[in-house]
Amino acid sequence: MSPVWSLGAGLLLLLLWVRHRGLEAVLVHHRWVFVCLFLLPLSILFDVYYQLRAWAVWRLHSAPRQHAQRVRHIQAQVREWKNEGSKRYMCTGRPGWLTVSLRVGKYKKIHKNIMINLMDVLEVDSERQVVRVEPLVTMGQLTAHLNPMGWTIPVVPELDDLTVGGLIMGTGIESSSHIYGLFQHTCVAYELVLADGSLVRCSPTENSDLFYAVPWSCGTLGFLVAAEIKMIPAKKYVKIHYEPVRGLRKICEKFTEESKKKENSFVEGLVYSLEEAVIMTGVLTDEAEQSKINRIGNYYKPWFFKHVEKYLKADRTGVEYIPSRHYYHRHTRSIFWELQDIIPFGNNPIFRYLFGWMVPPKISLLKLTQGEAIRKLYEQHHVVQDMLVPMKSLEKSIQTFHVDLNVYPLWLCPFILPNNPGMVHPKGDEAELYVDIGAYGEPKRKQFEARASMRQMEKFVRSVHGFQMLYADCYMTREEFWDMFDGSLYHKLREQMNCKDAFPEVYDKICKAARH
């Protein structure tokens, strides 16, 4: 039988099976079929298109010339909204399914959509050690642009598709954040189009109130059109040390100890159970032992979290040299560990060697095609949350995660939180060491109920003066939300800049209690 006939027969059998089971049942219970046959090839096409576009823009040097024109177009849209009587709120016109956040942005259907087509690297200033970018530039795009020039940015949040705008208007973190802070703390200036159509630049010394109020505001103070981010010299490898630790108290003590060491370029923990974890520390270097180089980003390599687990199972320490860009995007191929729930056999060596080059599917395409049944299923039986708590509360926090969720692995990422103005800062007058605890997966707790369990988690996080990342589902009341976040500067600026008629309050934009 010819390959064409074999393929045709296979497709026919697949269609008959789908018809027998029902499309919705297949999409819910056998989602991997749809993902492997359709979303993986589509994701490749997406990547090829955007890579070719970025290459063409860079070769033609067209981004800086077109930027001013595009910003004027955004200003014209805002002024048109004003001339129409400012009857409804404004928001970006980017479709909700294109964002990495799992939240469905229903507000885009009723708000005035302002089209913002800004996705290019504008300028690399080696003298100032600053890169100027547009808000839709992704982390994958930015590291691919900077690394060949010998530069990188201090905080490179994990996933390739995270955008600069999302990381500023929301937040971003990486295993270097114990030195540099959150993504917002590596930015030196923002440019925004405000509710009156004016273009404003802000920095710690220029319009400083606006500069400190923009992070975490989720686009409710103005439209971000450019950002300036610090750069640091890039090195070829990250020398990474793996250390299994057993016993919750020892895990917390070891993680805290390593997070306080500034000689560690990177610190990260993967907690595989209440009593088992692997603590990883890394140092940037240009030299490597050839026998210990692990190009973990290659498509046929095991998923990173599975690779790390081997050290725990073998109960041994280890040292490897990972190419820097591979390290920065080490969790991308498996979307941390979310992909194991979508493609259960995705880490199988046969699958990796044959189809690993197509992984991961675009999160945006997963959102676009999930349907109402899958959305409700995920909402009730799946957790994607990052809680930021003081390091001194780490042990108590992991115990709370275990009782309320029982999701493993947990991701631990330390960060220094400076006492800057804005929505997020320590309780005291000085910078404080915090930790991001990331829970991604299906809770194993019996009688898990999404709303009740997450409200319990949110209550705990507020009690230790922690913060919830706003990309995820939030169940707090308005009073609880502003108890967690400091809204004093934010509300002052919304009043001063006439934002109340132009943009919804951040709570109304992101919290379930406000949207339902």
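Residues numbered from 1 in each chain as written. Predicted model: local features only at pLDDT ≥ 70, side-chain atom pairs only at ≥ 80, totals over all residues. Heavy atoms only, no water.

## Section: the overall build of the chain
What the chain contains, in helices and strands, is 21 helices and 17 strands. Taking 24 Å as the expected radius of gyration for a compact globule of 516 residues, we find that the chain reaches 23 Å, a close match to that expectation. Each principal axis of the C-alpha atoms in the chain carries an extent, and together these give about 65 × 60 × 50 Å. Restricting the contact set of the chain to residue pairs at least 6 apart, pairs at least 24 apart contribute 74%. Summed over all atoms, the accessible surface of the chain reaches about 23,100 Å², with 55% contributed by carbon and sulfur. Treating the 64 positive side-chain charges of the chain as one cloud and the 55 negative ones as another, the clouds have centres 5 Å apart. (Helix = DSSP H or I, 4+ residues; strand = E, 2+ residues; numbered from the N terminus. Rg over C-alpha atoms; globule rule 2.2 N^0.38 Å. Contact = heavy atoms within 4.5 Å. Areas by Shrake-Rupley, 256 points an atom, 1.4 Å probe, with all protein chains shown as cover. Lys, Arg positive; Asp, Glu negative; His and termini not counted. Charge placed at Lys NZ, Arg CZ, Asp CG, Glu CD.)

## Section: the sheet that holds strand E4 (residues 130–133)
Note on sheets: strands pair through backbone hydrogen bonds, and any given pair is parallel or antiparallel. Spatial strand order, E3-E4-E8-E6-E7: five strands in an open sheet with antiparallel pairing. Since the sheet does not close on itself, it has two edges, and those belong to strand E3 (121–125) and strand E7 (199–202), each with one partner. In this sheet, adjacent strand axes meet at a mean angle of 15 degrees when their direction is disregarded. The pairing of E3 with E4 spans four bridges and is antiparallel. Paired with Asp125 across the two strands is Val130, which belongs to E4. Here helix H5 (residues 139–146) sits on the sheet and contacts E3, E4 and strand E8 (223–230); the angle it forms with E3, its principal contact strand, is near 40 degrees. (Pairing = 2+ DSSP bridges. Axes fitted to C-alpha atoms, helices over the stretch in contact; angles between N-to-C directions.)

## Things to note about the pairing of strand E13 (residues 318–323)
The buried count for E13 comes to five of six residues, which makes it a mostly enclosed element. Direction of pairing for strand E10 (residues 237–246) relative to E13: antiparallel, over a ladder of six bridges. Note on E13: the bridge partner recorded for Ile240 is Glu320. (Buried < 20%, exposed > 50% of the residue type's maximum accessible area, 1.4 Å probe, protein only.)

## A look at the pattern of salt bridges
Scanning all chains against the criterion turns up 29 salt bridges. For Lys362, the salt bridge goes to Asp47, with nearest N and O atoms at 2.6 Å. Of this pair, Lys362 sits in the loop between helix H13 (349–355) and helix H14 (363–368) while Asp47 sits in helix H3 (residues 31–60), placing them 315 residues apart in sequence. Between Glu480 and Arg462 there is a salt bridge, and its shortest N-O distance comes to 3.7 Å. Highlighted residues: Glu480 in helix H18 (residues 478–484) and Arg462 in helix H17 (residues 450–463), separated in sequence by 18 residues. Neither residue differs from the other here; Glu480 and Arg462 are each classed as buried. Shared partners join several salt bridges into a network, and the residues in it are Asp125, Arg128, Arg201, Glu206 and Glu228. (Salt bridge = Lys/Arg side-chain N within 4 Å of Asp/Glu carboxyl O.)

## Here's the deal with the pairing of strand E12 (residues 276–285)
Taken across its 10 residues, E12 has eight buried, putting it largely inside the fold. Sheet topology note: the E10/E12 ladder contains 10 bridges and is antiparallel. Looking at the pairing, Val245 lines up with Ala277 of E12. Sheet analysis places strand E11 (residues 266–273) next to E12, joined by seven bridges and oriented antiparallel. Following the sheet pairing, Ser273 is matched in E12 by Glu276. Joining the antiparallel neighbours E11 and E12 is a turn of two residues.

## Quick notes on the side chain of Glu432
Position of Glu432 among the secondary structure elements: in strand E16 (residues 432–441). You can call Glu432 buried: its relative accessible area is 18%. Residues within four places of Glu432 in sequence aside, it is in contact with Pro390, Lys392, Phe415, Ile416, Leu417 and Pro426.

## Focus: the UniProt feature "transmembrane region" (unreviewed entry) in the chain
Annotation from UniProt places "transmembrane region" (unreviewed entry) at residues 32–50. Split by type, residues 32–50 is 100% helix and 0% strand. Its first and last C-alpha atoms lie 25 Å apart. (UniProt positions renumbered as here; feature names shortened; annotations may be inferred.)

## Considering empty space enclosed by the protein
Within this structure, the stated rule accounts for one cavity of 30 Å³ or more. Lining the largest cavity are Tyr299, Trp303, Arg333, Gly346, Phe351, Arg352, Gly356 and Val359. (1 Å grid on protein atoms, 1.4 Å probe; cavity = no way out; pocket = protein on both sides within 12 Å on 5 of 7 lines; lining within 4 Å. Points joined across faces, edges and corners; volume = space filled by probe spheres on them.)

## Quick notes on the packing of helix H16 (residues 394–404) against H17
Running from N to C, H16 and H17 cross one another at 170 degrees; their axes reach a closest spacing of 10 Å. Relative to H17, the element H16 lies roughly antiparallel. Counting all contacts with H16, which are made through Lys396, Ser397, Thr400, Phe401 and Asp404, the residues of H17 involved are Ser453, Gln456, Met457 and Phe460. (Parallel < 35°, antiparallel > 145°, perpendicular 65-115°, else oblique.)

## A closer look at a nonpolar patch on the surface
On the surface, Ile350, Leu354 and Phe355 cluster together into a nonpolar patch covering about 320 Å² of accessible area. With relative accessibility at 40%, the residue Phe355 sits in the partly exposed group. (Patch = residues over 30% accessible without salt bridge, like charges linked within 9 Å, V, L, I, M, F, W, Y side chains within 5 Å.)

## Here we look at the state of the cysteines
Following the criterion strictly, the structure yields zero disulfides and no others. Left without a disulfide partner, Cys413 is nearest to the cysteine sulfur of Cys252, which lies 15 Å away. Not part of a disulfide, Cys499 finds its nearest cysteine sulfur in Cys202, a span of 12 Å. Owing to a relative accessible area of 0%, Cys499 belongs among the buried residues under this scheme. (Disulfide = S-S within 2.5 Å.)

## A closer look at the side chain of Asn347
Of note, Asn347 is situated in the loop between helix H12 (339–342) and H13. Within the structure, the side chain of Asn347 is placed 2.9 Å from the backbone nitrogen of Trp303, a separation counted as a polar contact. (Polar contact = N/O pair within 3.5 Å; in protein donor to acceptor, adjacent residues only side chain to side chain.)

## Topic: the sheet that holds E11
Here eight strands make up an open sheet; going across it, the order is E13-E10-E12-E11-E15-E16-E14-E17 and the pairing antiparallel. Both edges of this open sheet fall to E13 and strand E17 (467–468), since each of them pairs with a single strand only. In terms of strand pairing, strand E15 (residues 410–417) meets E16 through eight bridges, oriented antiparallel. Within E16, the position partnered with Leu417 by the bridge is Glu432.

## A word on the environment of Leu42
Counting through the fold element by element, Leu42 comes out in helix H3. Residue classification places Leu42 among the partly exposed positions, given a relative accessible area of 38%. C-alpha of Leu42 to C-alpha of Thr281: the two residues are 239 residues apart in sequence and 36 Å apart in space.

## Focus: the packing of aromatic side chains
The final tally for this structure, using the stated rule, is 25 aromatic pairs. A centroid spacing of 4.9 Å and a plane angle of 20 degrees characterise the contact between Tyr190 and Phe211, whose relative ring orientation is stacked. Pair noted here: Tyr190 is in strand E6 (residues 187–193) and Phe211 is in helix H8 (residues 208–213), with a separation of 21 residues, a long-range link. In terms of burial, Tyr190 and Phe211 fall into one category: buried. For the ring pair Phe481 and Trp482, a centre distance of 4.9 Å and an interplane angle of 90 degrees mean the geometry is edge-to-face. (Phe/Tyr/Trp six-rings, centres within 6.5 Å; stacked < 30°, edge-to-face > 60°.)

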